[in-house]
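Residue-level structural notes
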Amino acid sequence: MVKVAYLGPPGTYTHQALAQQFKSDVESIPKESISSCFEAVNNDEVEYAVVPFENSTNGLVVYTLDLLRDWFLDSEPLFRIVGEQFVAIHHCLLSNAGSLNDIETIYSHPQVWGQVGQFLKEFPRTYSRIDTSSTSKAAELVAEDKTNTSACISSQLCSLIYKLPVLNQNIEDNSKNTTRFLVLSKRALEDDNEKFPYITSVMFTLKNDDPGTLCGALDSFRQHGVNLTAISLRPSHIKQWQYVFFVEIIGSERDENVQQSLSSLRQDCNVVIVGSFRRCGRYYEPSE
Ligand SMILES: O=C(O)C(=O)C[C@]1(C(=O)O)C=C[C@@H](O)C=C1
């Protein structure tokens with residue numbers, strides 16, 4: 001039986017990502033925050049943790065990016081990103097209210113508001129918006145509310161778990177709305193799908209701010225024929241206006257051209273490899 005931590009309580013989209021990744025013989029352990037998922041994997045309470053990383057409509061989950069920076073920038077922990085999952089995200093409005101006109105408060109996770117902008121713009125009345133630690137926490141709160149004037153934006157699964165009627169479904173702006181999740185662990189996942197490429201996730205800071213340093217850093221990948229597919233940045237928290245850059249490249253850290261590109265990147269940058277893992281097949285078809 002493998003123990004896996006996830007952002008709880010039960011019914012989150014992260015819980016669905018976990019179920020997609022670990023099909024049997026799994027003990028799912030809900031945590032109150034993404035940061036407790038990192039801690040659980042670091043202190044061996046669990047073998048794996050699943051955390052949200054980015055959404056196709058609303059972008060990066062900055063909490064996760066900041067945790068990666070905080071755990072990896074100074075000291076490399078024993079765990080890494082060992083896999084990814086993609087979940088097709090279809091949001092519902094759940095409530096015990098008789099109609100939308102009775103709803104005074106809507107609860108959801110902060111990542112969600114930007115995914116359902118159109119639905120909320122057309123909402124028939126004014127309401128207060130309250131952020132929760134997850135979409136299922138929102139459902140838990142609405143289920144406990146005896147006034148029947150609150151609603152949550154959560155998954156269809158939450159309607160079953162928390163016994164809340166679905167007032168509206170598929171309220172996401174984009175029908176292809178998808179969230180990407182990361183699997184963290186001290187040990188690799190079984191590598192069973194050789195037809196998909198490897199992805200390597202790298203974090204770096206610049207050693208100096210001379211003209212061309214950042215450009216040269218990125219050119220390390222081009223020089224060695226490595227496909228750089230994503231770049232994001234966060235404040236480094238070391239020095240004012242210094243950034244930590246997160247990049248993703250196609251290829252395994254064991255590939256010769258990846259190793260060469262990383263050694264040329266190291267000339268002007270402090271570099272940390274955050275993970276090197278097989279691309280998940282759902283990247284191509286998230287609802288498969
Ligand atoms: O609250 C949840 O259900 C989560 O799993 C978190 C989360 C996120 O952080 O992006 C995951 C998917 C959705 O994009 C909305 C929320």
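Coordinates for the structure precede this section.
Residues numbered from 1 in each chain as written. Predicted model: local features only at pLDDT ≥ 70, side-chain atom pairs only at ≥ 80, totals over all residues. Heavy atoms only, no water.

What about the overall build of the protein?
- Each helix and strand in the protein was counted, giving nine helices and 15 strands.
- For 288 residues, the compact-globule estimate of 2.2 N^0.38 gives 19 Å, and the C-alpha radius of gyration of the protein, at 21 Å, lies within 12% of that figure.
- Considered along the principal axes of its C-alpha atoms, the protein spans approximately 65 × 45 × 35 Å.
- Across the 288 residues of the protein, 50% fall into the buried class.
- In the form shown here, the protein has an accessible surface area of approximately 13800 Å², with 47% of it arising from carbon and sulfur atoms. (Helix = DSSP H or I, 4+ residues; strand = E, 2+ residues; numbered from the N terminus. Rg over C-alpha atoms; globule rule 2.2 N^0.38 Å. Buried < 20%, exposed > 50% of the residue type's maximum accessible area, 1.4 Å probe, protein only. Areas by Shrake-Rupley, 256 points an atom, 1.4 Å probe, with all protein chains shown as cover.)

Side note on the pattern of salt bridges
- Counting across every chain of the model gives 13 salt bridges.
- If you follow the salt bridges from partner to partner, you end up with Glu-54, Glu-84, Arg-180, Glu-248 and Arg-279 in one network. (Salt bridge = Lys/Arg side-chain N within 4 Å of Asp/Glu carboxyl O.)

Section: the site of the ligand
- In the vicinity of the ligand lie 16 residues, with Tyr-13, Thr-14, Gln-115, Thr-135 and Thr-179 positioned nearest.
- Contacts to the ligand include Thr-135, whose side-chain N or O atom sits 2.5 Å from an oxygen atom.
- Protein contacts shield 100% of the accessible area of the ligand, which totals 360 Å² for the unbound molecule.
- The cavity where the ligand resides is the largest cavity.
- Contributing elements (two or more residues each) for the shell around the ligand: α1 (13-21), β3 (48-55), α4 (110-113) and β11 (178-185).
- Partitioned by chemical class, the residues of the shell around the ligand number seven nonpolar, nine polar and no charged. (Near = heavy atom within 4 Å. Polar contact = N/O pair within 3.5 Å; in protein donor to acceptor, adjacent residues only side chain to side chain. 1 Å grid on protein atoms, 1.4 Å probe; cavity = no way out; pocket = protein on both sides within 12 Å on 5 of 7 lines; lining within 4 Å. Sits in = over half its atoms within 2 Å of the grid points. Nonpolar A, V, L, I, M, F, W, Y, C, P; charged D, E, K, R; others polar.)

What about the layout of surface pockets?
- Counted as a void, the largest pocket has a volume near 870 Å³.
- Taken together, 33 residues line the largest pocket, and the ones lying closest to its centre are Gln-21, Leu-189, Glu-190, Asp-191 and Asp-192.
- Going through the elements one at a time, α1, β5 (80-88) and β15 (269-278) are the ones with two or more residues in the lining of the largest pocket.
- Element by element, the count of residues in the lining of the largest pocket is highest for β5, at six residues.
- For the lining of the largest pocket, the per-class residue count stands at 12 nonpolar, eight polar and 13 charged.
- Looking at which domains feed residues into the lining of the largest pocket, each of domain 1 (2-89 + 178-189) and domain 3 (198-281) supplies at least three. (Points joined across faces, edges and corners; volume = space filled by probe spheres on them. Domains from an automatic or database assignment.)

As for helix α2 (residues 34-42)
- Along α2, the residues classified as buried are Ile-34, Cys-37, Phe-38, Ala-40 and Val-41. Angular distribution of buried residues about the axis of α2 spans 165°; they occupy a single face of the element.
- In this fold, the buried residues of α2 make contact with β1 (2-7), β2 (26-31), β3, α3 (62-72) and β11.
- Just downstream of α2, Asp-44 is the residue with a positive phi angle, here 65°. (Arc of directions from axis to C-beta. Contact = heavy atoms within 4.5 Å.)

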